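A structural walkthrough
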Amino acid sequence: QVQLVESGGGLVQPGGSLRLSCAASGSIFSFSIETMAWYRQPPGKQRELVAVITSGSRTNYLDSVKGRFTISRDNAKNTLYLQMNSLKPEDTAVYYCNRALGSDYRPIDSWGQGTQVTISS
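Criteria and cut-off values
Residues numbered from 1 in each chain as written. Predicted model: local features only at pLDDT ≥ 70, side-chain atom pairs only at ≥ 80, totals over all residues. Heavy atoms only, no water. Helix = DSSP H or I, 4+ residues; strand = E, 2+ residues; numbered from the N terminus. Rg over C-alpha atoms; globule rule 2.2 N^0.38 Å. Buried < 20%, exposed > 50% of the residue type's maximum accessible area, 1.4 Å probe, protein only. Contact = heavy atoms within 4.5 Å. Core = buried A, V, L, I, M, F, W, Y, C linked by side-chain atoms within 4.5 Å. Disulfide = S-S within 2.5 Å.

Our next topic: the overall build of the protein chain. When you go through the protein chain residue by residue, the secondary structure sums to zero helices and 11 strands. Each helix and strand of the protein chain, placed in order from N terminus to C terminus, yields the pattern β-β-β-β-β-β-β-β-β-β-β. The C-alpha radius of gyration computed for the protein chain amounts to 13 Å, which stays within 12% of the reference 14 Å derived for 121 residues, consistent with globular compactness. Structurally, the protein chain occupies a C-alpha span of about 45 × 25 × 25 Å along its principal axes. Buried positions account for 42% of the 121 residues belonging to the protein chain. Considering only contacts in the protein chain between residues 6 or more positions apart, those separated by 24 or more positions represent 54%.

Structure below.
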(Lines give C-alpha, C1' and ligand atoms only; values in the text may rest on other atoms or scores of the structure.)
Protein backbone atom coordinates (compact mmCIF):
# COMPACT_ATOMS: atom_id res chain seq x y z
CA GLN A 1 0.00 0.00 0.00
CA VAL A 2 1.13 3.52 -0.77
CA GLN A 3 0.65 6.46 1.54
CA LEU A 4 -0.10 9.81 -0.06
CA VAL A 5 0.08 13.15 1.74
CA GLU A 6 -1.09 16.26 -0.08
CA SER A 7 -0.24 19.79 0.98
CA GLY A 8 -0.05 23.35 -0.29
CA GLY A 9 -3.70 24.29 -0.57
CA GLY A 10 -5.21 27.50 0.70
CA LEU A 11 -7.42 30.48 0.02
CA VAL A 12 -6.36 32.71 -2.86
CA GLN A 13 -7.97 35.39 -4.95
CA PRO A 14 -8.93 34.79 -8.58
CA GLY A 15 -5.89 35.08 -10.79
CA GLY A 16 -3.59 33.89 -8.04
CA SER A 17 -1.28 30.89 -7.88
CA LEU A 18 -0.69 27.89 -5.67
CA ARG A 19 1.74 24.99 -5.75
CA LEU A 20 0.48 21.69 -4.43
CA SER A 21 2.74 18.88 -3.28
CA CYS A 22 2.13 15.17 -2.80
CA ALA A 23 4.56 13.08 -0.80
CA ALA A 24 4.34 9.40 -1.61
CA SER A 25 5.74 6.52 0.43
CA GLY A 26 5.37 2.78 0.82
CA SER A 27 7.32 -0.32 1.62
CA ILE A 28 6.98 -1.84 -1.84
CA PHE A 29 6.86 1.18 -4.04
CA SER A 30 9.04 2.70 -6.71
CA PHE A 31 7.81 6.20 -7.34
CA SER A 32 9.88 6.75 -10.44
CA ILE A 33 8.14 4.03 -12.48
CA GLU A 34 4.61 5.01 -11.56
CA THR A 35 2.15 7.10 -13.50
CA MET A 36 0.91 9.73 -11.05
CA ALA A 37 -2.07 12.00 -11.20
CA TRP A 38 -3.87 14.84 -9.51
CA TYR A 39 -7.63 14.65 -9.01
CA ARG A 40 -10.04 17.11 -7.50
CA GLN A 41 -13.50 17.08 -6.01
CA PRO A 42 -15.42 20.34 -6.22
CA PRO A 43 -18.11 20.94 -3.60
CA GLY A 44 -21.19 18.85 -4.35
CA LYS A 45 -19.61 17.21 -7.39
CA GLN A 46 -17.81 14.00 -8.27
CA ARG A 47 -14.08 13.65 -8.18
CA GLU A 48 -12.41 14.32 -11.53
CA LEU A 49 -9.00 13.80 -13.07
CA VAL A 50 -7.02 17.03 -13.40
CA ALA A 51 -3.54 16.11 -14.61
CA VAL A 52 -1.39 13.05 -15.24
CA ILE A 53 2.35 12.49 -15.55
CA THR A 54 3.89 9.23 -16.69
CA SER A 55 7.20 7.74 -15.64
CA GLY A 56 8.64 9.28 -18.78
CA SER A 57 7.22 12.69 -17.83
CA ARG A 58 4.57 12.76 -20.51
CA THR A 59 1.68 14.88 -19.30
CA ASN A 60 -2.02 15.19 -19.92
CA TYR A 61 -4.51 17.71 -18.57
CA LEU A 62 -8.19 18.33 -18.09
CA ASP A 63 -9.20 20.75 -20.84
CA SER A 64 -10.30 23.44 -18.41
CA VAL A 65 -6.84 23.64 -16.78
CA LYS A 66 -4.64 23.40 -19.88
CA GLY A 67 -2.23 26.31 -20.07
CA ARG A 68 -2.80 27.19 -16.42
CA PHE A 69 -1.72 24.08 -14.48
CA THR A 70 1.57 22.22 -14.71
CA ILE A 71 2.16 18.78 -13.23
CA SER A 72 5.71 17.73 -12.41
CA ARG A 73 7.58 15.18 -10.34
CA ASP A 74 10.79 14.86 -8.35
CA ASN A 75 11.67 11.17 -8.32
CA ALA A 76 14.55 11.70 -5.89
CA LYS A 77 12.08 13.07 -3.34
CA ASN A 78 9.13 10.79 -4.21
CA THR A 79 7.10 13.95 -4.61
CA LEU A 80 4.49 15.05 -7.12
CA TYR A 81 3.66 18.70 -7.75
CA LEU A 82 0.89 20.74 -9.29
CA GLN A 83 1.64 24.36 -10.13
CA MET A 84 -1.64 26.21 -10.54
CA ASN A 85 -1.69 29.67 -12.09
CA SER A 86 -4.47 32.03 -13.14
CA LEU A 87 -6.78 30.36 -10.68
CA LYS A 88 -10.52 30.68 -11.12
CA PRO A 89 -13.41 30.21 -8.67
CA GLU A 90 -14.33 27.01 -10.49
CA ASP A 91 -10.98 25.53 -9.47
CA THR A 92 -12.24 25.44 -5.89
CA ALA A 93 -12.06 21.82 -4.75
CA VAL A 94 -10.27 19.35 -2.56
CA TYR A 95 -7.23 18.17 -4.49
CA TYR A 96 -5.87 14.64 -4.22
CA CYS A 97 -2.99 12.73 -5.72
CA ASN A 98 -2.82 9.05 -6.56
CA ARG A 99 -1.14 6.48 -8.70
CA ALA A 100 -3.01 6.10 -11.96
CA LEU A 101 -3.68 2.94 -13.94
CA GLY A 102 -4.85 2.24 -17.44
CA SER A 103 -5.88 4.40 -20.34
CA ASP A 104 -8.53 6.06 -18.19
CA TYR A 105 -6.06 6.73 -15.34
CA ARG A 106 -8.05 5.01 -12.62
CA PRO A 107 -6.76 5.74 -9.10
CA ILE A 108 -5.04 2.79 -7.46
CA ASP A 109 -4.52 3.58 -3.80
CA SER A 110 -6.65 4.70 -0.91
CA TRP A 111 -7.14 8.42 -0.93
CA GLY A 112 -5.15 10.70 1.32
CA GLN A 113 -6.71 13.56 3.21
CA GLY A 114 -6.42 15.89 0.24
CA THR A 115 -5.69 19.59 0.35
CA GLN A 116 -8.39 22.26 0.13
CA VAL A 117 -8.08 24.90 -2.57
CA THR A 118 -10.48 27.82 -2.36
CA ILE A 119 -10.54 30.57 -4.95
CA SER A 120 -12.51 33.57 -3.81
CA SER A 121 -12.30 37.33 -3.64
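Back to the text.
On to the nonpolar core. Ranked by internal contacts, the top residues of the largest apolar core, which has 27 residues, are Trp38, Leu80, Leu82, Met84 and Tyr95. Listing elements by their share of this core, those giving two or more residues are β3 (18–25), β4 (36–41), β5 (48–53), β7 (69–74), β8 (79–84), β9 (93–101) and β11 (115–119). Sorting elements by how many residues they give to this core places β3 first, with four residues. For tyrosine 95, the contacting residues outside a window of four places in its chain are Glu6, Leu20, Trp38, Tyr39, Arg40, Val50, Phe69, Leu82, Met84, Gly114, Thr115 and Val117.

Next up on the list: the state of the cysteines. For the structure on display, the rule yields one disulfide. Note that cysteine 22 is cross-linked by a disulfide to cysteine 97, the S-S spacing being 1.9 Å. With the S-S dihedral at roughly 60°, the linkage between cysteine 22 and cysteine 97 falls on the right-handed side. In this pair, cysteine 22 sits in strand β3 while cysteine 97 sits in strand β9, placing the two residues 75 residues apart along the sequence. When its relative accessible area of 0% is taken as the criterion, cysteine 22 is described as buried. We classify cysteine 97 as buried; its relative accessible area is 0%.

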